[in-house]
Amino acid sequence: MIGKTDQANHQYDLTDFMNAVSAGNMPAVSFLKAKRSQDGHAGYSSPLDEQEFIVSTLNALQQRPEWSSTAVIIAYDDSDGWYDHQMSPILRQSVSSQDALSGVGHCGTTNTGGIPGRCGYGPRLPLLLISPFAKANFVDNALTDQSSILRFIEDDFALGRIGTKSSDQFAGTFNNMLNLAKPRTDILILDSSTGEPAP
């Protein structure tokens, strides 16, 4: 068994994840990354390939008994031109003149309290929270970022924040997206090729 009879490396194949889930051993926290052809990057993937990965994964998880206490967060690490034309606000400037988000040398030139290489936010990206605890038909306009995912994990498991230079302390929360008092019991199984509800 991985991690019991050999050295755990904490980075496994998607097949290992699905095998663990099927055996009733869903990890408390997992980060899944689709194979290259399904990861949604412009140039070598497509939204339809990405849809196949997301829908088949969600369909499988929703049919597990663990689904009643599961949250799936779908996030993206860069836009590749698919998503948005709107510039995000720069809330915390960097101290590096190498940042080029708003033009070479424009981010951080007057801020001595910033952290090098952290000029942002960058382009707005989709973030979806799918869970029995997610509010139905709800769009949250609160500002979140990648470290909001870490903050959600920290809060859910009462872990505390990483430290003073980590973005988790500034990150927006997912609290407004959730209704913890009244989880839903419905599931939505989709056709992975069309994205429509399965018959």
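Once a new chain begins, its residue numbering starts again from 1 and follows that chain's sequence as written. This being a predicted model, a pLDDT of at least 70 is required before a residue's local features are given, and a value of 80 or more before pairs of side-chain atoms are given or counted; all residues contribute to the totals for chains, interfaces and linings. To get the side-chain values, all heavy atoms of the structure are used, and hydrogens and water are removed first.

### Describing the packing of aromatic side chains
Basically, it comes down to this: Each Phe, Tyr or Trp ring (for Trp, its six-membered ring) is paired with any other whose centre lies within 6.5 Å, and the angle between the two planes then decides the class: stacked below 30 degrees, edge-to-face above 60, tilted in between. Throughout this description, the term charge over a ring refers to an Arg CZ or Lys NZ atom that lies within 6 Å of the ring centre and within 35 degrees of the ring normal.
Enumeration over the complete set of coordinates arrives at 1 aromatic pair. One residue, Arg36, lies across the ring of Tyr44, its end atom 3.8 Å from the ring centre. It is Lys135 that lies over the ring of Phe138; its NZ or CZ is 4.8 Å from the centre.

### Focus: helix H3 (residues 146-156)
Using the following cut-off: Classification of residues uses two cut-offs on accessible area relative to the type maximum, computed with a 1.4 Å probe and protein chains only: under 20% is buried, over 50% is exposed, and between them is partly exposed. Every helix listed is a DSSP run of H or I at least four residues long, and every strand listed is a run of E at least two residues long, numbered separately from the N terminus. Whether two residues are in contact is decided by their heavy atoms: any pair within 4.5 Å suffices.
Residues of H3 that are buried include every one of Ser147, Ser148, Ile149, Arg151, Ile153 and Glu154, and no others. In this structure, the buried residues of H3 make contact with strand S1 (72-75). Positive backbone phi, at 50°, marks Ala158, one or two positions downstream of H3.

### Here's the deal with the side chain of Asp140
To keep it simple, the criterion reads: We treat Lys and Arg as the positive residues and Asp and Glu as the negative residues; His and chain ends play no part in the count. Salt bridge, as applied in this entry: a Lys or Arg side-chain nitrogen positioned within 4 Å of an Asp or Glu carboxyl oxygen. Between N or O atoms, a polar contact is any pair within 3.5 Å; within protein, one atom must be a potential hydrogen donor and the other a potential acceptor, and residues adjacent in sequence are included only when both atoms are from side chains.
For Asp140, the position within the fold is in the loop between strand S2 (127-130) and H3. Buried and unpaired, Asp140 has Lys135 as its nearest opposite-charge partner, separated by 7.5 Å. Polar side-chain contacts of Asp140 include one of 3.1 Å to the backbone nitrogen of Ala142. Within polar-contact distance, the side chain of Asp140 engages the side chain of Asn176 at 3.3 Å.

### A few points about the nonpolar core
As a reminder of what qualifies: Throughout, nonpolar core names a set of buried Ala, Val, Leu, Ile, Met, Phe, Trp, Tyr and Cys residues whose side chains join them through atoms within 4.5 Å.
Phe17, Val21, Ala34, Phe53, Ile54, Leu58, Leu61, Trp67, Val72, Ile74 and Tyr76 form the largest nonpolar core, which has 11 residues in total. When contributions to this core are tallied by element, the ones reaching two or more residues are helix H1 (14-22), helix H2 (47-62) and S1. No other element matches H2, which puts 4 residues into this core. Not counting the four nearest positions on each side in its chain, Leu58 is found in contact with Val72, Ile74 and Ile130. Among the nonpolar cores identified, the runner-up in size contains 8 residues, and Phe133, Ile149, Ile153 and Leu178 belong to it.

### With respect to H1
Measuring from the backbone nitrogen of Thr15 back to the side-chain oxygen at the start of H1 gives 2.7 Å, which picks out Asp13 as the cap. One or two positions beyond H1, positive phi appears at Gly24, with a value near 80°.

### Observations regarding the pattern of salt bridges
Following the criterion strictly, the structure yields 6 salt bridges and no others. Here Arg161 ties to Glu154 by a salt bridge, and the two come within 2.8 Å at their closest N and O atoms. Exposure remark for Arg161: the relative accessible area of 33% places this residue in the partly exposed category. The partner of Arg161 in a salt bridge is Asp155, with the nearest N and O atoms 2.9 Å apart. Asp155 gets classed as partly exposed once you look at its relative accessible area, which sits at 39%. Connected through shared salt-bridge partners, Arg151, Glu154, Asp155 and Arg161 make up one network.

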